[in-house]
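Chain and residue survey
The residues making up each chain are set out below.
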Number of protein chains: 2
Amino acid sequence: MVVKNKVQSVVVSWWRKNALLLSTSRTLNTFATGFDNRILKSPPLVSLDDFPDDVWTSSSTNFYEPLTYKLASDHTAKVIDGKQIAEEIISEVAVQVRSMKKTIDEVPGLAVILVGERKDSQIYVRNKMKACEDAGMRFSLTEFPESCTEDEVCDVIMSYNVDPSFHGILVQLPLPQHLNEEKILDLLKLEKDVDGFHPMNMGNLAMRGREPLFIPCTPKGCVELLIRSGVEIMGKKAVVIGRSNIVGLPASLLLQRHHATVSIVDASTPNPEEVTREADILVSAAGVPNLVRGSWLKPGAVVVDVGTHPVEDPCSEQGYRLLGDVCFEEALKVVSSITPVPGGVGPMTVAMLLYNTLESASRKYNIL
Amino acid sequence: MVVKNKVQSVVVSWWRKNALLLSTSRTLNTFATGFDNRILKSPPLVSLDDFPDDVWTSSSTNFYEPLTYKLASDHTAKVIDGKQIAEEIISEVAVQVRSMKKTIDEVPGLAVILVGERKDSQIYVRNKMKACEDAGMRFSLTEFPESCTEDEVCDVIMSYNVDPSFHGILVQLPLPQHLNEEKILDLLKLEKDVDGFHPMNMGNLAMRGREPLFIPCTPKGCVELLIRSGVEIMGKKAVVIGRSNIVGLPASLLLQRHHATVSIVDASTPNPEEVTREADILVSAAGVPNLVRGSWLKPGAVVVDVGTHPVEDPCSEQGYRLLGDVCFEEALKVVSSITPVPGGVGPMTVAMLLYNTLESASRKYNIL
């Protein structure tokens, strides 16, 4: 009990100190980059790195008493409304865009490059375009046929790299097999890599004491959803399913920066459900519809479902409906809150893309 | 049972395919960089990225039967002899250095920068110097007093960056508080960053499909020890204690590239022993002597102890002895194998530094 109190008090005092640091670092951040991220609730990452190393205890006493959730038989989880939160963020971005326009007669600009005719990619790009227009941003789409050459794509990137009216460049993934994704992504100017997929950005996201120029949009959206839903991340067991460069990996790194105890499960994990059942927070980006069953979940857990899988549905107007990685109906009976598919992480990804583009422009002009 | 067999056969066929890939990629590697990493058992990382995504199963059946170790009452763990393995590697490096000297009249060169008078840093640097000399490499040490300026350190790095006789540059950490570690490390030419601490290297280590120029020495040594001791990493639960940029973080990323299911525990984890008790492989880099007690360990686990803590000991000749993060005597009764302190990870770190420097020189001259 003594140890528990000690640890709790250290944690509390760390938070107090951190709250101070947050406000200081926000001031510094504003001073250094001219950008005050008032729109997001997510703090600058370096402000999280000050957790003292001396909290370790050599005692083997189990001083942690896990929360035991007693779910009522008619329990239904809270559904986290990603669409509404994303709309709030986009309208706040729009306010800042108008202010930028008024102050310096500039607006943030996003250039998107789309190769091939994938239906899902086309839908994603259309959503991004619409959101940019709603927020009053400049938007440019360059489309290439599946058969285009690497040089053609590279040339367009190079021209956007030096075009001062575009502050963000995004190559819609996946690219056709014959194009070298690594080479193409590495060509993006770091200051315009609003997707945050450059290895330099990923390294800075991973490393304590460093701040990436951009955090990849989907994981950033997941964490912002958690924060806005009042979910405490620090000290919680988080499990990330999937280890992709665009979601799983950066999500696990970001949750670590927020001091969660993170486990990463991938297709080579022989017993994924055993690991996920330990999760206070589960972020699933496996890419398999309904992979996560109710029995995979800890009662009272918070679930963020990144999966988006179209499955045929003759009853639906479009002829298909979207499923997530998580069996939604089963999960509702077990977890405390969950993001739906659609209307959960998807809209947040777009909102974060707009935010990153605004951040990039604000950094460039040293304003807001 | 059927599912189990299915998964096993997929894993087996993946390994077969991978073994082929390994040999192919080794050939490619030799062709592309002139460097054949015959010395290490660790495979190129990209060769590990081909694990198929379709191994996921939607079944919630628990098809995994964890190994249950029955330890005899007089059980004693195997002690992994890092000193001997490191000596083997260094002597293999020495052979390649001689061959390089003979073929092109060049030897790999390592430049070390040491700031201040920390006893431990001085010992580490001395060990590195001695190993370089033993392997026939060029070695240069630049020492600065604690009071030196950032510019002085930066100037030396800049001159080593362009000096063709040095293929590796290492800044001994930690630096005194008044020096900006981030700025200094970022100045290192990527091609000479044999410590692998540059965020670009870290990003490439983290990302599937990419290969860093250098893997940080200590985590690389840990994994090489596991491989040489016949420990299979894929599909195992690995826990890394500590999240430092130089050990914990890259160790967790490297183990993920080897398809372990990795959990990362840090000082903010409220119940570390609960997490570590699940580990088939435990890598401890907490920086707290005897933090990990016998009761923290799963019977039959493999433990890699990165901690090195001098504690006063009047009975010892030097007046002190070294302790690890792990209670060695207690662990011996529980685990299947463990690295000792000293004589475990420490010598491997030096061996990997020499290997990375040789790799750097070989890459430059496109030989061996």
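A brief report on the enclosed structure follows.

Here is what the cut-offs are and how they apply
- Residues numbered from 1 in each chain as written.
- Chains lettered and ligands numbered in written order.
- Predicted model: local features only at pLDDT ≥ 70, side-chain atom pairs only at ≥ 80, totals over all residues.
- Heavy atoms only, no water.
- Helix = DSSP H or I, 4+ residues; strand = E, 2+ residues; numbered from the N terminus.
- Buried < 20%, exposed > 50% of the residue type's maximum accessible area, 1.4 Å probe, protein only.
- Contact = heavy atoms within 4.5 Å.
- Least-squares fit on C-alpha atoms with pLDDT ≥ 70 in both.
- Pairing = 2+ DSSP bridges.
- Axes fitted to C-alpha atoms, helices over the stretch in contact; angles between N-to-C directions.
- Phe/Tyr/Trp six-rings, centres within 6.5 Å; stacked < 30°, edge-to-face > 60°.
- Lys NZ or Arg CZ within 6 Å of the ring centre and 35° of its normal.
- Salt bridge = Lys/Arg side-chain N within 4 Å of Asp/Glu carboxyl O.

Moving on to the environment of B:R98. All names here are of chain B. Relative to the helices and strands, R98 resides in helix α2 (residues 82–104). Given a relative accessible area of 55%, R98 falls into the exposed group. Placed 158 residues apart in sequence, R98 and Q256 show a C-alpha to C-alpha distance of 35 Å.

Quick look at the environment of B:P164 now. All names here are of chain B. On the secondary structure map, P164 appears in the loop between α4 (150–162) and β4 (168–171). Given a relative accessible area of 52%, P164 falls into the exposed group. Taking the C-alpha atoms as reference points, P164 and A361, separated by 197 residues in sequence, lie 9.7 Å from one another. Residue contacts for P164: discarding those within four places in its chain leaves K364 and Y365.

This part is about the environment of A:V93. All names here are of chain A. Its location among the elements puts V93 in helix α2 (residues 82–104). For V93, a relative accessible area of 0% translates into the label buried. C-alpha of V93 to C-alpha of Y355: the two residues are 262 residues apart in sequence and 6.5 Å apart in space. With sequence-adjacent residues up to four places away left out, V93 is seen in contact with I39, A135, M137, L354, Y355 and L358.

Let's shift gears to the relation of the copies chain B and chain A. Superposing the two chain copies requires a rotation about an axis and a translation along that axis. Laying chain B over chain A is done by rotating through 180 degrees and shifting 0.0 Å along the axis; what remains is an RMSD of 0.0 Å. The operation mapping one copy onto its partner corresponds to a two-fold rotation axis. Comparing interface residues between copies, 98% of those in chain B also sit at the interface in chain A, which points to an isologous, same-surface contact.

Our next topic: the sheet that holds strand β3 (residues 138–144) of chain A. Residue and element names in this part refer to chain A. With parallel pairing, the 3 strands of this open sheet are ordered in space as β3-β2-β4. With partners counted over all chains shown, the strands left at the sheet margins are β3 and β4 (168–171), one partner each. Ignoring strand direction, the axes of neighbouring strands in this sheet form an average angle of 15 degrees. Bridge count between strand β2 (residues 109–115) and β4: 4 bridges; the pairing is parallel. Paired with V112 across the two strands is L170, which belongs to β4.

This part is about the packing of aromatic side chains. A complete count under the given rule lists 2 aromatic pairs over all chains for this structure. Consider the rings of B:Y160 and B:F166, whose centres lie 5.2 Å apart with planes at 75 degrees: the pair is edge-to-face. A relative accessible area of 9% places B:Y160 in the buried class. Residue classification places B:F166 among the buried positions, given a relative accessible area of 8%. A cation over an aromatic ring shows up here: A:R363 above the ring of A:F214, its NZ or CZ 5.0 Å from the ring centre.

The next subject is the pattern of salt bridges. Considering all chains together, one arrives at 36 salt bridges over all chains under this definition. For B:E359, the salt bridge goes to B:K220, with nearest N and O atoms at 3.9 Å. Note that B:E359 is positioned in helix α11 (residues 345–365) and B:K220 in helix α7 (residues 217–228), a separation of 139 residues in sequence. Summarising the burial analysis for this pair, B:E359 and B:K220 share the class buried. Beyond isolated ion pairs, a larger network of salt bridges with shared partners links A:E88, A:E224 and A:R228.

Keep in mind these values describe shape, not function.
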